[in-house]
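Reading the structure
Spelled out from the first residue to the last, the chains are:
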Amino acid sequence: ILAMSLNLIFGYAGLVSLGHAAYFGVGAYTTGILILRFGIKSFWLAAPGGVLMSVVFAALFGLIALRLSGVYFLMITFALGELLFSAAWKWRSMTGGDDGLWGIPAPELGLSWLSWNRICFYYLAFLVLVISFLALYRIINSPFGRTLIGIRENETRMRSLGYNSWAFKYLAFVLAGLFAGLAGVLFAYFRGFVSPSNLGIETSGLVLFIVITGGSGTLCGPLIGTLFILLLEHFSSIYFPERWPLLLGFVFIAIATYLQGGIGIYLVRLWDRLRYRHTGVIC
């Protein structure tokens, strides 16, 4: 979900952000703080609170970051993300500082007949993923989404046609913050722990790499990229765990050199070729 949210602004609006994990971390921290510091156990209160706070920060940061473009936008998003990272690190009484927030319990859905376990959480997270995917599908294939693609391709031309490109990019920025916050809420419940690294450049860089690997500007690209990176991390942790960053670097170089556009685009092309061999027609 986090990768799909970044893809909305990176792949479709052309906004390369190095601070997108900020909204992910805000959603996770807000949920954890509401539960552990304020005693709000209900999932139906804590989860919306985390998403709402992510939207608020995305709306505020968007007003600042979207004044700039190109590499300057990249740097300001990085700076804003590191600002929140520093705040989480220093505000020990609320965030736990560098120790993070520990002991976030499983979500309480208020369903007495449900015996909660990890399998139940899997289906909850899967349901949220499907809903998010369908929502983003509707957004991308709406006139709003088509306008974002036009702005990505030629913003000057879209302005000359009368479109307020800043307003469209700002709305996309806020929507991306909403979905990132939703991912953060689920992450807090899943791990039971939130740390400052969930706000910082490490998480932002990884999710950007996932989007690039899967194929930015494609709806299934983030899903493919996530699956590929998680499987790569899983098998590398079994056979050579200490060399995982080195392997990740080699993979990124290989993809940037030989699979420009991401794995997803080449899988689609391969599928079209296979289908053409059987039918003789490419749809």
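Structure's up top.
Model, not experiment: these values are computed from the prediction.

**A short note on the packing of aromatic side chains**
- Per the counting criterion, the structure on display carries 16 aromatic pairs.
- Seen from their ring centres, Phe-43 and Trp-44 are 5.2 Å apart, and the 85° between their planes marks the pair as edge-to-face.
- Residue Phe-43 is classed as buried on the basis of its relative accessible area, which comes to 8%.
- Each ring, one from Phe-73 and one from Phe-173, has its centre 6.2 Å from the other, and the planes form 85°; the classification is edge-to-face. Within this pair, whereas Phe-73 is found in helix 4 (residues 71–90), its partner Phe-173 is found in helix 9 (residues 165–191), the two being separated by 100 residues in sequence. Comparing Phe-73 with Phe-173 shows no difference in burial state: the two are buried.
- Among the aromatic residues, those joined into a cluster by ring pairs are Tyr-23, Phe-57, Phe-61, Phe-73 and Phe-173.

**Thoughts on helix 7 (residues 143–153)**
- Considered for burial, the residues of helix 7 that qualify are Phe-144, Gly-145, Thr-147, Leu-148, Ile-149, Gly-150 and Ile-151.
- Structurally, helix 7 contributes buried residues whose contacts are with helix 1 (2–10), helix 6 (118–140), helix 8 (155–160) and helix 9.

**Here we look at the environment of Pro-107**
- In this structure, Pro-107 sits in the loop between strand 1 (101–102) and helix 6.
- In sequence terms Pro-107 and Ser-42 are 65 residues apart; their C-alpha atoms lie 7.0 Å from each other.
- Setting aside its immediate chain neighbours within four residues, Pro-107 contacts Phe-43, Trp-116, Phe-121, Leu-124 and Tyr-189.

**Brief notes about the environment of Leu-136**
- Mapped onto the elements, Leu-136 comes out in helix 6.
- Overall, the relative accessible area of 2% leaves Leu-136 in the buried class.
- A sequence separation of 128 residues divides Leu-136 from Leu-8, and the C-alpha atoms of the two residues are 8.0 Å apart.
- Those residues within four positions of Leu-136 in sequence are excluded, and the remaining contacts are Met-4, Leu-8, Phe-179 and Leu-219.

**Topic: the side chain of Thr-95**
- Here Thr-95 is to be found in helix 5 (residues 92–95).
- In this structure the side chain of Thr-95 is engaged in a polar contact, spanning 2.7 Å, whose partner is the backbone oxygen of Trp-91.
- Here Gly-97 takes part through its backbone nitrogen, which lies 3.3 Å from a polar atom of the side chain of Thr-95.
- When neighbours within four sequence positions are excluded, Thr-95 is seen to be in contact with Tyr-29, Ile-33, Arg-37, Ala-87, Ala-88, Gly-100 and Leu-101.

**Quick notes on the side chain of Ser-204**
- Note that Ser-204 resides in helix 10 (residues 201–214).
- Apart from residues lying up to four places away in sequence, Ser-204 is in contact with Leu-18, Gly-19, His-20 and Ala-21.

About the criteria used
Residues numbered from 1 in each chain as written. Predicted model: local features only at pLDDT ≥ 70, side-chain atom pairs only at ≥ 80, totals over all residues. Heavy atoms only, no water. Phe/Tyr/Trp six-rings, centres within 6.5 Å; stacked < 30°, edge-to-face > 60°. Buried < 20%, exposed > 50% of the residue type's maximum accessible area, 1.4 Å probe, protein only. Helix = DSSP H or I, 4+ residues; strand = E, 2+ residues; numbered from the N terminus. Contact = heavy atoms within 4.5 Å. Polar contact = N/O pair within 3.5 Å; in protein donor to acceptor, adjacent residues only side chain to side chain.

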